[in-house]
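# What the coordinates show
One letter stands for each residue in the lines below.
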Amino acid sequence: MVRPWLATLMIAVVTCACASTTAALYQPSGTAQPVRAPSRVASSPAETLAAADATRVYRADIGTVSAAFVGDIGNLQSAVNGGDITSAKADLMAAQSDFDAFRLLESRNPVNASTLDELATEVVPGESFAGLHAVERDLWSSRNAATDVAGLAAQAPVAQYLLSRDRLDPEAIGTTAVDELSWVNQMALPGREEQFSHLGVVDITATIRAADQAFSAIEPVGRQVAPALTASVAQRFAVLERAVDSLGPPLRVPDSAVSDRLRRALAQQAARLAPFGTSGSPS
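Residues numbered from 1 in each chain as written. Predicted model: local features only at pLDDT ≥ 70, side-chain atom pairs only at ≥ 80, totals over all residues. Heavy atoms only, no water.

## Focus on the overall build of the protein chain
- A count of helical and extended segments in the protein chain gives ten helices and zero strands.
- Each helix and strand of the protein chain, ordered N terminal to C terminal, gives the series α-α-α-α-α-α-α-α-α-α.
- The buried share among the 283 residues of the protein chain stands at 47%.
- Within the protein chain, contacts between residues at least 6 apart in sequence are counted, and of these 79% link residues at least 24 apart. (Helix = DSSP H or I, 4+ residues; strand = E, 2+ residues; numbered from the N terminus. Buried < 20%, exposed > 50% of the residue type's maximum accessible area, 1.4 Å probe, protein only. Contact = heavy atoms within 4.5 Å.)

Now the structure itself:
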C-alpha cells in the first residue's frame, strides 16, 4: 500500500538535499522550520495509481538513459579504433553524462560501479584503473585508449541489464534525487570529478537534471498529497535549472572558467530548497 505521508516526505526530502551539503559553498540566512508529513497511513486509489505511474515513468527514463550509455560507449569505441580523438572525447563526455543520470543506482553494485566510473584516487594498491575516467586519462594525455575502452564496452551492457531490473517506489526515487544533488555538491561543484579533462560542468549539469527528472516522475504523487509544497519544489527546481544553464555549454566550459562566484550562486539556488527540509537523514 502506498502511504501518502511517504509521498509527502519524499517531496520534502528532495528539496532539502543541498541544505546539508552546500555549507562550505553557501550558508543560507535564518533557520528553516522542517515540514513534517501528516500521520495518515491510508491511500486512495488515485494515489496508488499515481505511485505506480511514478515507478513506471522513472523506470522508463532510466531504461532510456542506460541504452544511450551503451550506444555512446559503442560510438566511443569506434572513434578510438578509428583514431578520431576529437570525436572520442565528445563521445566519452556524452557517456559520462549518461552515467551521471544513474550513478546513484549503479553504486549499489560497487564492483560494477568501480569498473565504470572509478576515480584514479580511489584505486587501491594491486588493482588496475579502469572505466570512464581511465579513458578520460588516456584521451587527455595522448595514451592508447583501446584497451580501457574495450573493458568499458564489456561492462556497459551489464549495467544496462542490472538497471532494467530496478523498480523504485516514489520514496526511493525521491531519495535517489537527494543523493544526486548531494553528490553534485560534494564532488562535481568542487571540481573533484573530471581530473584529466577538467570538464566538471558535464557532471554538474547532467546530475542536477537527473535529480529534476526524478522529481518530475514523482511530482504527480506530490500534487495529490501536498499540492502547494510540490508546486514550490517545482519552482525551485526551475530556478536551479536556470542557474545550471548559466554555466554555459558543458563541453566548452573548463573548470577554470567557472568562477567561485558562479559556484556559490549555483549552491545558493540549491540551498534555497532548504525551507522544505524534513527532520532526519535524507537517505
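Let's pick the thread back up.
## Some remarks on the nonpolar core
- With 62 residues, the main nonpolar core has Phe-69, Leu-76 and Leu-266 as its most contacted residues.
- Listed by contribution, the elements that provide at least two residues to this core are helix 2 (45-81), helix 3 (85-106), helix 5 (132-140), helix 6 (146-164), helix 7 (170-188), helix 8 (201-225), helix 9 (227-245) and helix 10 (260-271).
- With near-sequence residues (within four places) excluded, Phe-69 lies in contact with Ala-95, Asp-98, Phe-99, Phe-102, Leu-116, Leu-132 and Ala-156. (Core = buried A, V, L, I, M, F, W, Y, C linked by side-chain atoms within 4.5 Å.)

## Describing the packing of aromatic side chains
- Going through the model one piece at a time under the given rule, you end up with four aromatic pairs.
- Judged by centre distance (5.3 Å) and plane angle (70°), the ring pair of Phe-99 and Phe-102 falls under edge-to-face. Taken together, the residues Phe-99 and Phe-102, both in helix 3 and three residues apart, mark about one turn of the helix.
- Members of the aromatic cluster, connected to one another through ring pairs, are Phe-69, Phe-99 and Phe-102.
- Its guanidinium or amino end placed over the ring of Trp-183, Arg-103 lies 3.8 Å from that ring's centre, counting from NZ or CZ. (Phe/Tyr/Trp six-rings, centres within 6.5 Å; stacked < 30°, edge-to-face > 60°. Lys NZ or Arg CZ within 6 Å of the ring centre and 35° of its normal.)

## Side note on the environment of Asp-138
- Tracing the backbone shows Asp-138 in helix 5.
- C-alpha of Asp-138 to C-alpha of Phe-196: the two residues are 58 residues apart in sequence and 8.9 Å apart in space.
- Sequence-distant contacts of Asp-138, that is, excluding residues within four places in its chain, are made with Arg-143, Asn-144, Ala-145 and Asp-148.

## Some remarks on the pattern of salt bridges
- In total, this model carries ten salt bridges according to the counting rule given.
- Note that Asp-117 is salt-bridged to Arg-103, the shortest N-O span being 2.9 Å. Here Asp-117 is found in helix 4 (residues 110-117), whereas its partner Arg-103 is found in helix 3, with 14 residues between them in sequence.
- Salt-bridge contacts for Arg-137 lead to Asp-148; the nearest nitrogen and oxygen are separated by 3.2 Å. One end of the pair, Arg-137, is in helix 5; the other, Asp-148, is in helix 6, with eleven residues separating them in the sequence.
- Take Arg-137: its relative accessible area is 17%, and that puts it in the buried class.
- Via salt bridges that share partners, Asp-100, Arg-103, Asp-117 and Glu-193 belong to a single interconnected network. (Salt bridge = Lys/Arg side-chain N within 4 Å of Asp/Glu carboxyl O.)

## Here we look at the packing of helix 2 against helix 8
- The N-to-C vectors of helix 2 and helix 8 enclose an angle of 175°; their axes lie 9 Å apart at closest approach. Judged on the interaxial angle alone, helix 8 and helix 2 are roughly antiparallel. Here Ala-46, Glu-47, Ala-50, Ala-51, Ala-54, Val-57, Tyr-58 and Asp-61 of helix 2 come into contact with helix 8, specifically with Gln-213, Ala-214, Ala-217, Ile-218, Val-221, Gln-224 and Val-225.
- For the contact of helix 2 with helix 8, a count of residues per class yields eleven nonpolar, two polar and two charged. (Axes fitted to C-alpha atoms, helices over the stretch in contact; angles between N-to-C directions. Parallel < 35°, antiparallel > 145°, perpendicular 65-115°, else oblique. Nonpolar A, V, L, I, M, F, W, Y, C, P; charged D, E, K, R; others polar.)

## Thoughts on the confidence of the model for the protein chain
- On average, residues of the protein chain carry a pLDDT of 80, and 80% of them reach 70 or more.
- Ranking the elements of the protein chain by mean pLDDT puts helix 1 (residues 4-15) last, at 44, and helix 5 first, at 97.
- Taken as a whole, residues 1-42 scores under 50 in pLDDT and shows 100 contacts with residues more than four places along the chain or in a different chain.
- Contacts of residues 274-283 to residues separated by more than four positions or lying in other chains number 31 contacts, the stretch itself having pLDDT below 50. (pLDDT = per-residue confidence, 0-100.)

## Digging into the environment of Thr-205
- In this fold, Thr-205 is placed in helix 8.
- On the basis of relative accessibility, which here comes to 6%, the residue Thr-205 falls in the buried class.
- Not counting residues within four places of it along the chain, the set of residues in contact with Thr-205 comprises Val-244 and Pro-250.

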